[in-house]
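# Geometric and topological summary
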Amino acid sequence: MTSEGGKYNSGCVFNLNRDSGKLKIIKNFEIQNEGKRPCSDLCLANNGKFYGMTREGGLYNLGILFEWDPSTNVYIKKLDFNGTENGSRPMGSLICFSRREQ
C-alpha cells in the first residue's frame, strides 16, 4: 500500500506482477467514504481476505478498518474509528490469527 498518491492522492493498494515487474493499482482510497492514508501492512486472514487500516478518512476522519477480497476485488469498510469508543488514527499493523479446529 501507499499512504499517498493514486487517483485521489489518498493512497492505494497495489499488486506487483512478479513476471513482468509491473504494478497494478487494485484500490484507490477515496478519502471520506473509504479512508485516507493507509498506515499498516495488509493482514491475510484464514478466510482468504486481507485486512488493513487507514489513519484518516471515514465517518469521523479518524481512520477506518477495511477488508479486501482478492478473489472478487470487493472492498468493504468494516469500522470507522471514532476517537472515544474505539480509538483514532491507528498506526502499526494488524495481526491475523488462524482458528484451530477443536
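Relevant structure appears above.
For the structure given in this document, a descriptive report is provided here. Everything quoted here is computed from the prediction, not taken from an experiment.

This paragraph deals with the overall build of the protein. A tally of helices and strands in the protein yields 0 helices and 7 strands. The globule rule puts the C-alpha radius of gyration for 102 residues at 13 Å, and the 14 Å found for the protein is close to it. Projected onto its principal axes, the C-alpha coordinates of the protein cover approximately 45 × 45 × 20 Å. The buried share of the protein, reckoned over its 102 residues, is 31%. Looking at the protein, you have 14 positive and 11 negative side-chain charges, and the mean spots of the two groups are 2 Å apart.

Here Arg89 shows up in the segment after strand 7 (74–80). Counting along the chain gives 26 residues from Arg89 to Gly63, while the straight-line C-alpha distance between them is 5.2 Å. Once residues within four sequence positions are removed from consideration, Arg89 is found in contact with Arg55, Glu56, Asn61 and Leu62. At 3.5 Å, the side chain of Arg89 forms a polar contact with the backbone oxygen of Asn61.

Applying the stated criterion across every chain yields a total of 6 salt bridges. Residues Arg37 and Glu56 are paired through a salt bridge, measuring 3.5 Å at the closest nitrogen-oxygen approach. With a gap of 19 residues between them, Arg37 in strand 3 (residues 36–38) and Glu56 in strand 5 (residues 50–56) connect regions that are remote in the sequence. When its relative accessible area of 23% is taken as the criterion, Arg37 is described as partly exposed. Overall, the relative accessible area of 21% leaves Glu56 in the partly exposed class. Where Lys49 meets Glu67, a salt bridge forms, and the shortest distance between an N and an O atom there is 3.7 Å. Residue Lys49 is found in the loop between strand 4 (43–44) and strand 5, and its partner Glu67 is found in strand 6 (residues 64–69); the two are separated by 18 residues along the sequence. Relative accessible area serves as the criterion here: at 6%, Glu67 is assigned to the buried category.

Rules and cut-offs
- Residues numbered from 1 in each chain as written.
- Predicted model: local features only at pLDDT ≥ 70, side-chain atom pairs only at ≥ 80, totals over all residues.
- Heavy atoms only, no water.
- Helix = DSSP H or I, 4+ residues; strand = E, 2+ residues; numbered from the N terminus.
- Rg over C-alpha atoms; globule rule 2.2 N^0.38 Å.
- Buried < 20%, exposed > 50% of the residue type's maximum accessible area, 1.4 Å probe, protein only.
- Lys, Arg positive; Asp, Glu negative; His and termini not counted.
- Charge placed at Lys NZ, Arg CZ, Asp CG, Glu CD.
- Contact = heavy atoms within 4.5 Å.
- Polar contact = N/O pair within 3.5 Å; in protein donor to acceptor, adjacent residues only side chain to side chain.
- Salt bridge = Lys/Arg side-chain N within 4 Å of Asp/Glu carboxyl O.

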